[in-house]
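The primary structure of each chain is shown beneath.
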Amino acid sequence: MSLLELKSVTKVFGGVVAMDKLSFSVNEGDIYGIIGPNGAGKTTAFNCITGIYKPEEGEIIWKGENIAGMHPCDIAGKGIVRTFQNIRLFGKMSVAENIISGRHQKSKQTWFQGLFSTPFYKKDEKENWLKVKDIMKLMGLSEYATIPTQSLAYGIQRRVEIGRALATEPELLILDEPAAGLNEKETFELMELIKRIKDSGITVLLIEHDMDMVMQLVNKITVINFGKKISEGDPEYIQSDPVVIEAYLGSEDDEEEEN
Ligand SMILES: Nc1ncnc2c1ncn2[C@@H]1O[C@H](COP(=O)(O)OP(=O)(O)O)[C@@H](O)[C@H]1O
Ligand SMILES: [Mg+2]
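Residues numbered from 1 in each chain as written. Chains lettered and ligands numbered in written order. Predicted model: local features only at pLDDT ≥ 70, side-chain atom pairs only at ≥ 80, totals over all residues. Heavy atoms only, no water.

(A) A look at the nonpolar core. By size, the foremost hydrophobic cluster in this structure holds 45 residues, and its most contacted members are Ile99, Leu141, Leu173 and Ile194. Each of two domains, domain 1 (1–79 + 170–259) and domain 2 (88–167), supplies a minimum of three residues to this core. Leaving out residues up to four positions away in the same chain, Ile99 has contacts with Val132, Ile135, Met136, Leu141, Val160, Gly163, Arg164 and Ala167. Counting residues in each nonpolar core, the second largest holds 25 residues, with Leu3, Val9, Leu22 and Ile174 among its members. (Core = buried A, V, L, I, M, F, W, Y, C linked by side-chain atoms within 4.5 Å. Buried < 20%, exposed > 50% of the residue type's maximum accessible area, 1.4 Å probe, protein only. Domains from an automatic or database assignment. Contact = heavy atoms within 4.5 Å.)

(B) Geometry of the pattern of salt bridges. Going through the model one piece at a time under the given rule, you end up with 13 salt bridges. In this structure, Lys11 and Glu56 form a salt bridge, with 3.4 Å as the shortest nitrogen-oxygen distance. Taken together, the residues span a long stretch of sequence, with Lys11 in strand β1 (residues 2–13) and Glu56 in the loop between α1 (42–49) and β4 (57–62) at a distance of 45 residues. When its relative accessible area of 9% is taken as the criterion, Lys11 is described as buried. For Glu56, a relative accessible area of 46% gives the class partly exposed. For Asp176, the salt bridge identified is with Arg82, shortest N-O distance 3.7 Å. (Salt bridge = Lys/Arg side-chain N within 4 Å of Asp/Glu carboxyl O. Helix = DSSP H or I, 4+ residues; strand = E, 2+ residues; numbered from the N terminus.)

(C) Summary view of the pairing of strand β10 (residues 228–233). Both strand β9 (residues 220–225) and β10 contribute to a ladder of five bridges, which runs antiparallel. Of the residues in β10, the one forming a bridge with Thr222 is Glu232. Hairpin connection from β9 to β10: two residues lie between these consecutive antiparallel strands, with Phe226 at a positive phi of about 50°. (Pairing = 2+ DSSP bridges.)

(D) Here's a closer look at the site of ligand 1. Surrounding ligand 1, one finds Phe13, Val16, Ala18, Pro37, Asn38, Gly39, Ala40, Gly41, Lys42, Thr43, Thr44 and Tyr53. At 3.0 Å from an oxygen atom of ligand 1 is found a main-chain nitrogen or oxygen belonging to Gly41. Between ligand 1 and Lys42 there is a distance of 2.8 Å, counted from an oxygen atom to a side-chain nitrogen or oxygen. Taking 560 Å² as the accessible area of ligand 1 by itself, protein coverage stands at 62%. Counting residues per element, the ones that place at least two in the shell around ligand 1 are β2 (16–27) and α1. Considering every element that reaches the shell around ligand 1, the biggest residue donor is α1, with three residues. (Near = heavy atom within 4 Å. Polar contact = N/O pair within 3.5 Å; in protein donor to acceptor, adjacent residues only side chain to side chain. Areas by Shrake-Rupley, 256 points an atom, 1.4 Å probe, with all protein chains shown as cover.)

(E) Here's a closer look at the side chain of Ser94. Here Ser94 lies in the loop between β6 (80–82) and α3 (95–106). Side-chain polar atoms of Ser94 contact the backbone oxygen of Ala145, separated by 3.5 Å. Those residues in contact with Ser94, other than ones at most four positions away along the chain, are Ala145, Thr146, Ile147, Pro148 and Thr149.

(F) Structural view of a nonpolar patch on the surface. On the surface, a nonpolar cluster with roughly 330 Å² of combined accessible area is contributed by Phe13, Val16, Ile52 and Tyr53. Relative to the helices and strands, Tyr53 resides in the loop between α1 and β4. Accessibility expressed as a relative area gives 30% for Tyr53, which makes it partly exposed. (Patch = residues over 30% accessible without salt bridge, like charges linked within 9 Å, V, L, I, M, F, W, Y side chains within 5 Å.)

(G) Representation of the sheet that holds strand β3 (residues 31–35). The strand order β6-β7-β8-β3-β9-β10 describes an open sheet built from six strands, whose pairing is mixed. Each edge of the open sheet carries a strand with a single partner, namely β6 and β10. Between one strand axis and the next, the sheet turns by 20° as a mean value, whatever way the strands run. Taken together, the five bridges between strand β7 (residues 172–176) and strand β8 (residues 203–207) define a ladder with parallel strand orientation. Bridge pairing in β8 places Ile174 opposite Leu205. With respect to the sheet, helix α6 (residues 154–166) is in contact with β6 and β7, its orientation differing from that of β7 by roughly 155°. (Axes fitted to C-alpha atoms, helices over the stretch in contact; angles between N-to-C directions.)

(H) Broad picture of the environment of Lys198. Mapped onto the secondary structure, Lys198 falls in helix α7 (residues 184–199). Between the C-alpha atom of Lys198 and that of Glu28, which follows or precedes it by 170 residues, the distance is 9.9 Å. Of the polar contacts made by the side chain of Lys198, one reaches the backbone oxygen of Gly29; its length is 3.1 Å.

(I) Representation of the sheet that holds strand β5 (residues 65–66). Across the sheet, four strands lie side by side as β2-β1-β4-β5; this open sheet has antiparallel pairing. The sheet terminates laterally at β2 and β5, the two strands that pair on one side only. In this sheet, β4 lies alongside β1 in antiparallel orientation, the contact comprising five bridges. Among the inter-strand pairings, Glu5 is bridged to a residue of β4, identified as Ile61. Sheet strands in contact with α1 are β1, β2 and β4, and its direction is about 65° off that of β2.

What follows is the structure in structure tokens.
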């Protein structure tokens, strides 16, 4: 059954049609890839799904409900969480503190309970830390728990960011170019972690520029160019689709990266 479905979603920025009647459907348990040249509208699609932008047209159906135009907090509350293309962490805070900050977004505690350390607060806070411990283990971060994130390698910071997103206990994790800026070893490690996240029961929607990574990781792909879907299918099909090859060869950002 489809968990998330975009139906003919359009987003315009002052004359620029960033997303043009885009439709695709993500099933529970997918690692779903969105690829396309720079400026194709990938991040815009994610911003519409997570409520940062309200699309002009179309529906975004999450478990049967149209969430297009809802407030980002309400969408997060429904179990959809994302990371950003650029890392956004609290640099002076430790790995564990950064991850628990994701937890506090969904906490039922009130300031009153925190101020007076009520039994509810203590129980809730204990559960939060236990969850953070599990996430650090899953993401291979336990050994860095107390280290401020700004002093860690980029690849580890990226894992912290994903860990913080996981702290909200999402059903759908949306990753915007998670391998950007990572070296080959870090990218490989990240792929293994994304597989682990999927195995833990979370559906993953991923924008990625690193083609090798996408092809190895995802089970289904939508390719967009100039805001429009130009192809859709499994990695094998996409790799051999002339329309996709043409879009990539024709784009300027198809540098030959040796990393
Ligand atoms: N907030 C915005 N205001 C104006 N134009 C934007 C905004 N966000 C994105 N765009 C434009 O929409 C198009 C798609 O951008 P984006 O979704 O970031 O592409 P991608 O993530 O695929 O590289 C681009 O032409 C971009 O300049
Ligand atoms: Mg982008």
